[in-house]
Each structure stands twice: as C-alpha cells, then as structure tokens.
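Examination of the molecular architecture
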Amino acid sequence: MSRTDRASRVIAALPAIVYGALLDRESLEAWLPPDGMRGRIERWDPRPGGGFRMVLTYLDSTDSPGKTSEATDVVDVGFVDLMPPERVVQRVVFEADDPSYAGTMTMTWHFAAVGDGTEVTVTATDVPPGIDQADHEAGITSSLAHLASYVEAAS
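This one's a predicted model, so the numbers in the text were calculated from it and none came from an experiment. (Residues numbered from 1 in each chain as written. Predicted model: local features only at pLDDT ≥ 70, side-chain atom pairs only at ≥ 80, totals over all residues. Heavy atoms only, no water.)

**Some words on the packing of aromatic side chains**
Inspection of the entire model under this criterion finds five aromatic pairs. Here the aromatic rings of Tyr 19 and Phe 111 are separated by 5.9 Å at their centres, their planes lie at 80 degrees, and the arrangement is edge-to-face. With Tyr 19 in helix H1 (residues 15-22) and Phe 111 in strand E6 (residues 105-114), the pair connects residues that are 92 residues apart, well separated along the chain. Of the two residues, Tyr 19 and Phe 111, both sit in the buried class. Geometrically, the ring pair formed by Trp 44 and Phe 52 is tilted, given 5.5 Å between the ring centres and 45 degrees between the ring planes. Relative accessible area serves as the criterion here: at 21%, Trp 44 is assigned to the partly exposed category. Of the residues examined, Phe 52 reaches a relative accessible area of 1% and is grouped as buried. Taken together, Trp 44, Phe 52 and Phe 79 form an aromatic cluster joined through their ring pairs. (Phe/Tyr/Trp six-rings, centres within 6.5 Å; stacked < 30°, edge-to-face > 60°. Helix = DSSP H or I, 4+ residues; strand = E, 2+ residues; numbered from the N terminus. Buried < 20%, exposed > 50% of the residue type's maximum accessible area, 1.4 Å probe, protein only.)

**Regarding the sheet that holds strand E5 (residues 87-95)**
Spatially, E1-E7-E6-E5-E4-E3-E2 is the arrangement adopted by the seven strands of the open sheet, whose pairing is antiparallel. Across the chains shown, the open sheet's two edge strands, defined by having one partner strand only, are strand E1 (4-11) and strand E2 (37-45). Neighbour-to-neighbour, the strand axes of this sheet turn through a mean angle of 20 degrees, independent of strand direction. Sheet topology places strand E3 (residues 51-58) next to strand E4 (residues 72-83); seven bridges connect them, and they run antiparallel. Its bridge partner lying in E4, Leu 56 is registered against Asp 73. H1 contacts E1, E2, E4, E5, E6 and strand E7 (117-125) of the sheet and is inclined by roughly 155 degrees relative to E6. Relative to E1, helix H3 (residues 133-154) is tilted by about 20 degrees, and along the sheet it contacts E1, E6 and E7. (Pairing = 2+ DSSP bridges. Axes fitted to C-alpha atoms, helices over the stretch in contact; angles between N-to-C directions. Contact = heavy atoms within 4.5 Å.)

Now the structure itself:
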C-alpha cells in the first residue's frame, strides 16, 4: 500500500519568488537540505523531462546512517511538471542497495497565494517503506523552514 507524507508552511514571499527558488540550482543547494545535512547538485537540467542529481551529506551520521553510504543520501530527481508559479512535480529515486528504499516517490510542491505570502504544501506519494514517516515529514518541514528563511531574506 502506498504512503503519503505531507507538510506545509506559509512563507512571506510571492508565489513566483518561492517557485523560482525551486528552479535555481544555487538556491536549491542552499535551502533544500534539511537540518543536519548539506547538499551538492551534480547534474542540473531545470525543464520538464530534465532534473537533477543531489548528494545530501549528513553532518553527523552517527544516529542517522545514509541510504546510499554511511554518510550520504543520493537522489535522482526528475521534473515531471512545471506550472509557474503554482506547482512543481518531481519524481524522486534514492540511490540505495537496500530494497526498502527502492521505488519512485512523487513530490508535488504546490504554491497558493495567501495575503502577502505563499502557502507551500509538499505532498510525497509512494514513499519507500524504508523512510520513516515522522522523520520524512520532519525533514520536509525543515526544508520548508530553510526555504522560508532563504526567500524572506532576499525579499
């Protein structure tokens, strides 16, 4: 049975600005890694049918071993649908030997104008069973907090 994880946050920036932070390589490297990680994009092609490969490195992997190696999670992300400034749909595949991380997860980033800001809702469907739901939702929440800090500082 497929699982859906979700998180949302209101960000004090216009939808077009928030949307743009998902399609700019340097921006994504700066804000996407959740707390306790840093990220590096190895491949970048921001168009439908394109995508990126990101290496996420744990700053301390003692209690959180990586999916790809002891200290890393490597993800290949494809852009399925880009609808500025309303939605980004990504197909995410983890590079891992453990079959509990196998499969393709779909992440939909939805942006809705609310007052002077944007409500960002992230919905992950078909989440691999090896990913703990509480940890995953906490990671998405952390990334959303970083996104808010990133775009609000630039505004």
